[in-house]
Amino acid sequence: MDFCIDDRLESLIERTRALGLAEARPAGLEADRLGRPIPVDHPYFARLVARGEGRTSWRGRSPAAPARPARSGSGGTSQRTIGALLYVEELAYWDRGVVVATPGVGLPEASVLSAGTEEQKERFLGPFREPQRPMWASLAMTEPGAGSDAAAIRTHARRDGKHWILNGAKCFIGNASRAEWILVQATLDPSQGRAAQRSFFVERDTPGLGGFRIEQKMGLKAYESTSFTLEDCRVPADNLLGGEERYERRAGFETAMQTFNAGRPIVAASAVGIGRAALDEALAFARAHDRLGDVRVRDRLERAARRLRMARLLCLRAGWLADRRAANIVEASMCKAVAAEVALDATSLGMELLGTIGCRGDQLIEKLYRDVKAMDIVEGTGQIQRVIMARKLVGLPH
Ligand SMILES: Cc1cc2nc3c(=O)[nH]c(=O)nc-3n(C[C@H](O)[C@H](O)[C@H](O)COP(=O)(O)OP(=O)(O)OC[C@H]3O[C@@H](n4cnc5c(N)ncnc54)[C@H](O)[C@@H]3O)c2cc1C
């Protein structure tokens, strides 16, 4: 395995560091203090778009716009995922909530790239090739009664001539109320479990899409996690992801799971970024308060640093396999399970070292402590990752 990165990627990460320090960290702290997501019209988003951020990696049929290098990595095809992981880790170091708030297609892009028809890529990714304003998309799987058990979703889709009619409710969906479109997971028949699931593009302002309510969160306040409802929400037949042909192959659940699989190393890399920030805070505090002479303090700092490095290597291994189009289900689950845990430990260590000062509510470490927990929850909890790995270990189907 070779994790060396080329000069272009190195300089992208350096620019990201500068952006993080100057813009992402302050924007995240402001959102945390105000207790609400960064607004759509925040100048930070406009500046990002002006710099070419928020672009899809899909190049389209015309050679028009170059893809935004940041999300996909810029080290050439063989380092695409590695580049994305290092970029996200660096930005999450400054603020993970801001990473998710950043304009762009985000999570559903992988589903559209792998399963969308050419017409759907043009319609739904096309506007993200050279956006002139901040734009978002969103992926909605989770429901009030279906989180880890994604096969249990109840949002229902019924065919009606040239349309589909959707009814149901979703919760904790990233960037949903500001999205141009939401890729909604629905079932044609709840009694058939995963085989009956399909994904539908639901465009903003579609009648029946509404009831948006931004959830209260303990951390990651820079981006919105939103519940919404679909009431007799009518979408064109063409909005079925992959079209009729894919519909016949009953591939709706599989596509969604592949998307979460691809996203796990990204979440894991974010956890490593948060953990590194916590470690730096803890070190700075210990140094400023003459605690580095204490062998127990040094030992705990070293342990956190070592485990974070181990988690990063697991992320890179998952990314390296993805760049070679090799199966990485176990590695994706492993890095997610491990990174979330060690990052949580690093923030706990920081809180303990700061003691009462950490509990005042005005220290970065306390925000990192609240931010990091979601890394263990989103895109499959730690327990679910362990279930996946154990099933693989003993040869049961995924
Ligand atoms: C900040 C945040 C952002 C999110 N963003 C999105 C988003 O953009 N789109 C989206 O669709 N969803 C999103 N989610 C939802 C997220 O995917 C779910 O919260 C997650 O899948 C867990 O589901 P749950 O909360 O319903 O917990 P449950 O599934 O009810 O689980 C509760 C507990 O039981 C454990 N458990 C459940 N089943 C098993 C099992 N079989 N074996 C062992 N333990 C088990 C879990 O690990 C967990 O500890 C987000 C959540 C958060 C917190």
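Fair warning: this is a prediction, and the values are worked out from it, not measured in the lab. (Residues numbered from 1 in each chain as written. Predicted model: local features only at pLDDT ≥ 70, side-chain atom pairs only at ≥ 80, totals over all residues. Heavy atoms only, no water.)

A count of helices and strands for the protein chain gives 12 helices and 7 strands. Relative to its length of 398 residues, the protein chain is compact, with a C-alpha radius of gyration of 21 Å against a globular reference of 21 Å. Seen through its C-alpha atoms, the protein chain measures out along the principal axes to roughly 75 × 50 × 40 Å. A total of 398 residues make up the protein chain; the buried ones form 54% of that total. Excluding contacts between residues fewer than 6 apart, the proportion of contacts in the protein chain whose partners are at least 24 apart in sequence is 75%. Accessible surface, the protein chain: about 17800 Å² in total, of which carbon and sulfur atoms supply 53%. Charged side chains in the protein chain number 58 positive and 50 negative. The centres of these two groups are separated by 2 Å. (Helix = DSSP H or I, 4+ residues; strand = E, 2+ residues; numbered from the N terminus. Rg over C-alpha atoms; globule rule 2.2 N^0.38 Å. Buried < 20%, exposed > 50% of the residue type's maximum accessible area, 1.4 Å probe, protein only. Contact = heavy atoms within 4.5 Å. Areas by Shrake-Rupley, 256 points an atom, 1.4 Å probe, with all protein chains shown as cover. Lys, Arg positive; Asp, Glu negative; His and termini not counted. Charge placed at Lys NZ, Arg CZ, Asp CG, Glu CD.)

Let's shift gears to the domain arrangement of the protein chain. Its domain assignment divides the protein chain into domain 1 (7-102), domain 2 (136-252) and domain 3 (261-393). A C-alpha centroid distance of 20 Å is found between domain 1 and domain 3. Every contact between the two is made by 20 residues of domain 1 and, on the other side, 23 residues of domain 3. Regarding the contact of domain 1 and domain 3, the summed buried area is about 1800 Å², with carbon and sulfur atoms giving 58% of it. (Domains from an automatic or database assignment. Buried area = accessible area lost by both parts, 1.4 Å probe.)

Attention now moves to the site of the ligand. By nearness alone, 19 residues border the ligand, and Thr 142, Ser 148, Phe 172, Thr 381 and Gln 383 come closest of all. One of the backbone nitrogen or oxygen atoms of Met 141 is found 2.9 Å away from an oxygen atom of the ligand. Interatomic distance of 2.6 Å between a side-chain N/O atom of Thr 142 and a nitrogen atom of the ligand. For the shell around the ligand, the secondary-structure elements that each account for two or more residues are β1 (136-140), β3 (163-174) and α12 (382-393). Looking at the shell around the ligand residue by residue, the class counts come to 11 nonpolar, 7 polar and 1 charged. A domain split of the shell around the ligand shows at least three residues from each of domain 2 (136-252) and domain 3 (261-393). (Near = heavy atom within 4 Å. Polar contact = N/O pair within 3.5 Å; in protein donor to acceptor, adjacent residues only side chain to side chain. Nonpolar A, V, L, I, M, F, W, Y, C, P; charged D, E, K, R; others polar.)

What follows concerns helix α6 (residues 118-125). Listed in full, the buried residues belonging to α6 are Gln 120, Lys 121, Phe 124 and Leu 125. The arc that holds the buried residues of α6, viewed along the axis, is 100 degrees, so those residues lie on one side. (Arc of directions from axis to C-beta.)

Turning to the environment of Asp 149, a few remarks are in order. Residue placement: Asp 149 occurs in the loop between β1 and β2 (156-160). The sequence separation of Asp 149 and Gly 319 amounts to 170 residues, and the corresponding C-alpha distance is 26 Å.

Okay, the packing of helix α1 (residues 7-34) against helix α4 (residues 80-101) next. In contact at an axis separation of 8 Å, α1 and α4 are set at 15 degrees when each is read in the N-to-C sense. If you check the angle between α1 and α4, you find them roughly parallel. Seen from above, α1 lies across α4 with right-handed handedness. Partitioned by chemical class, the residues of the contact of α1 with α4 number 14 nonpolar, 4 polar and 4 charged. (Axes fitted to C-alpha atoms, helices over the stretch in contact; angles between N-to-C directions. Parallel < 35°, antiparallel > 145°, perpendicular 65-115°, else oblique. Left-handed = near helix turned anticlockwise from the far one by under 90°.)

Another point: unusual backbone geometry. Positive phi is not limited to glycine here, since Asn 175 has a value of about 60 degrees. The topology assignment puts Asn 175 in the loop between β3 and β4 (179-187). On the accessibility criterion, Asn 175 (5% relative accessible area) is buried. Unlike most non-glycine residues, Leu 220 shows phi in positive territory, near 50 degrees. You can see Leu 220 is positioned in the loop between β6 (209-214) and β7 (225-236). For Leu 220, a relative accessible area of 4% puts it in the buried group.

What follows is about a positive patch on the surface. Judged by side-chain charge, Arg 8, Arg 15, Arg 51, Arg 59, Arg 80 and Arg 325 come together as a positively charged surface patch. Here Arg 80 is to be found in helix α4. Taking the relative accessible area as the measure of exposure, Arg 80 reaches 35% and is therefore partly exposed. (Patch = residues over 30% accessible without salt bridge, like charges linked within 9 Å, V, L, I, M, F, W, Y side chains within 5 Å. Salt bridge = Lys/Arg side-chain N within 4 Å of Asp/Glu carboxyl O.)

Taken as a whole and assessed by the stated rule, the structure comprises 27 salt bridges. Residue Arg 178 pairs with Glu 224 through a salt bridge whose shortest N-O separation is 3.0 Å. Highlighted residues: Arg 178 in the loop between β3 and β4 and Glu 224 in the loop between β6 and β7, separated in sequence by 46 residues. Overall, Arg 178 belongs to the buried group, its relative accessible area being 8%. The exposure class assigned to Glu 224 is buried, which follows from its relative accessible area of 1%. Notably, a salt bridge pairs Asp 376 with Lys 373, separated by 3.2 Å at the nearest N-O pair. Look at Lys 373 and you get partly exposed, because its relative accessible area is 29%. Through salt bridges with shared partners, one network takes in Arg 17, Glu 89, Glu 90, Arg 276 and Arg 312.

Relative to the 40 Å expected for 28 residues at 1.5 Å per residue, α1 spans 39 Å between its end C-alpha atoms, a close match to the ideal helical length. In the structure, α1 departs most strongly from a straight axis at Gly 20, where the bend amounts to approximately 50 degrees. One or two steps after α1, the chain reaches Gly 35, where phi turns positive at roughly 70 degrees. (Expected span 1.5 Å × (residues − 1). Bend = angle between axes of the 7 residues up to and from the residue.)

A word on a nonpolar patch on the surface. On the surface, a nonpolar cluster with roughly 340 Å² of combined accessible area is contributed by Leu 393, Val 394 and Leu 396. Inspection of the secondary structure assignment puts Val 394 in the segment after α12. Among the residues examined, Val 394 registers a relative accessible area of 58% and is labelled exposed.

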